[in-house]
Amino acid sequence: MHVIAGREDWYCVENEREIPSPALLVYLDRLDGNLHAMLEIAGGPERLRPHIKTHKMPAMIERQLALGITKFKCATLKEAEMAANSGAADVLVAYQLVGPNVRAFWEIARAFPTTKFSAIADDPRAARELANVDHPVELLVDLDIGQHRTGIAPDARAAELYRIIANTPGLRAGGLHAYDGHLDGRDPAECDAAFAPVAKLRAQLGNVPRVVAGGSPTFPIHARRGDVECSPGTCVFWDAGYAKKCPAQPFFPAALVLTRVVSRAVKNQLCLDLGHKAVASEMPHPRVIFPQLHDATAITHSEEHLVIETARASEFPVGSALYGIPWHICPTVALHAQAFIVEKARVETTWPITARSRILDL
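Residues numbered from 1 in each chain as written. Predicted model: local features only at pLDDT ≥ 70, side-chain atom pairs only at ≥ 80, totals over all residues. Heavy atoms only, no water.

1. Here we look at the pattern of salt bridges
Quick reminder of the rule: One side-chain nitrogen of Lys or Arg within 4 Å of one carboxyl oxygen of Asp or Glu is enough to make a salt bridge. Only runs of H or I of at least four residues qualify as helices and only runs of E of at least two qualify as strands under DSSP, and these elements are numbered from the N terminus. Remark: exposure states derive from per-residue accessible area (1.4 Å probe, protein chains only) relative to the maximum for the residue type, with buried under 20%, exposed over 50%, and partly exposed in between.
Enumeration over the complete set of coordinates arrives at 17 salt bridges. Measuring nitrogen to oxygen at the nearest pair gives 3.5 Å for the salt bridge that ties Glu138 to Lys116. Pair noted here: Glu138 is in strand 5 (residues 137-144) and Lys116 is in strand 4 (residues 116-121), with a separation of 22 residues, a long-range link. Using a relative accessible area of 8% as the deciding quantity, one classes Glu138 as buried. Residue Lys116 is classed as partly exposed on the basis of its relative accessible area, which comes to 29%.

Pasting the structure below:
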């Protein structure tokens, strides 16, 4: 596994005065280390179908393609369009498509004939709506293996849906999709027990083209199976939440937020320009961890401000920069139009976060 050594203040940027805050920073050395760790765990690029939802950037697709990764997974049609436009050969939309998104999916597929597109379904009606005899759509049956969000149990009903897809003109049965977001990956036996019905269903169906399984927490466990496509996403950037949830995994935070003190009017408090619009706020506090302030405690969080309490507040005058590791990086990235790329402790370029938008370019 890769090892990143260096100063305790590795995150500090020499030209931070040139970077407007709040800002999203991506550290290239750590990012590349995480990508190589993904490849090492998977055993090769052909075993990977990384999720795009974390980064949403064409530059990231290009970086993964350069490593031999050709298959991708996404949650939105904008992400699918972005991946195809960046040269991805195979894109799975891991979201049941309904309403106008059905026609938009067909349009994207027509616009990028060299990219293979597929989607998921857990409902016969939704599956049939996607049927297109002029351009057959490949569908994977979405299975619920414990999260109880989307998908159907891997039993007789799933087998019937698979057969419906296989026998419907304009559709092709592409395999099975099993996301286990309710598991933290610490107990391989727990993951194996959740996956066992999927393996049983696959054997019963016979000749299933692929099984796409897991996310970042269970990635190392599914990678050992040898006969599934692994779809980790968060591990490219990692975050404080997964660092706590999955301490044994060999990934490092590669995307941080830069914020500044905008007020210090209250004793032992710092008011930062890191509101809901700059860092994911759907989680309980802490929503961001500050390596410079281990005693920081969130007091209030609003649209434009984060107020923290720290005994060291007097050390940070108004205008001081702080670096934070988001608790949940994926929705944090979506709040920013661009990422400032840190290489050799300096920012000289930015990457657009194209797929934070929902508007297609077609």
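The structure having been displayed, the exposition proceeds.
2. Comments concerning the sheet that holds strand 2 (residues 71-74)
So the rule is basically this: The pairing criterion is simple: DSSP has to find at least two bridges between the two strands. Throughout, a residue-residue contact means that at least one pair of heavy atoms, one from each residue, lies within 4.5 Å. For helices, the axis comes from a line fit to the C-alpha atoms of the stretch in contact; other axes are also lines fit to C-alpha atoms, and the angle between any two N-to-C directions lies between 0 and 180 degrees.
If you walk across this open sheet you meet the 7 strands as 2-3-4-5-6-7-8, and the pairing is parallel. With one partner strand each, in any of the chains shown, strand 2 and strand 8 (229-230) form the two edges of the open sheet. Across 4 bridges, strand 4 lies against strand 5 in parallel orientation. Bridging from a neighbouring strand, Ala119 pairs with Leu139 of strand 5. Contacting strand 2, strand 3 (90-93) and strand 4, helix 3 (residues 77-85) runs over the sheet at an angle of about 175° to strand 3.

3. Side note on the pairing of strand 5
Rules: Throughout, right-handed denotes a crossover for which the path from the first strand over the helix to the second runs clockwise when the strands point away from the viewer.
In terms of burial, strand 5 is largely enclosed, as 8 of its 8 residues are buried. In strand 5, alternate side chains face the same way, and those of Val137, Leu139, Val141 and Leu143 on one face and Glu138, Leu140, Asp142 and Asp144 on the other are all buried. Once the chain exits strand 4 it traverses helix 5 (residues 124-129) before rejoining the sheet at strand 5, and the crossover so formed is right-handed. Two strands pair when backbone bridges link them, and strand 5 and strand 6 (residues 171-179) are joined in this way by 8 bridges, in the parallel orientation. Along strand 6, the bridge assignment pairs Glu138 with Arg172. Handedness of the crossover is the feature at issue here: the chain leaves strand 5, passes through helix 6 (residues 156-167), returns alongside strand 6, and the resulting connection is right-handed.

4. Topic: the packing of aromatic side chains
Note the following rule: Side-chain rings of Phe, Tyr and Trp, where Trp is taken by its six-membered ring, are said to pair if the distance between their centres is within 6.5 Å; with planes under 30 degrees apart they count as stacked, over 60 as edge-to-face, and otherwise as tilted.
Evaluation of the coordinates by the stated rule reveals 6 aromatic pairs. Residues Trp10 and Tyr11 carry aromatic rings whose centres are separated by 5.6 Å and whose planes lie at 80° to one another, so their mutual orientation is edge-to-face. Among the residues examined, Trp10 registers a relative accessible area of 24% and is labelled partly exposed. Arranged with centres 5.1 Å apart and planes meeting at 75°, the rings of Trp10 and Tyr27 form a pair that is edge-to-face. With Trp10 in the segment before strand 1 (23-27) and Tyr27 in strand 1, this pair connects stretches of sequence that are 17 residues apart. Look at Tyr27 and you get buried, because its relative accessible area is 2%. In textbook terms, an aromatic cluster arises when at least three aromatic residues are bridged by ring pairs, as seen for Trp10, Tyr11, Tyr27 and Tyr323.

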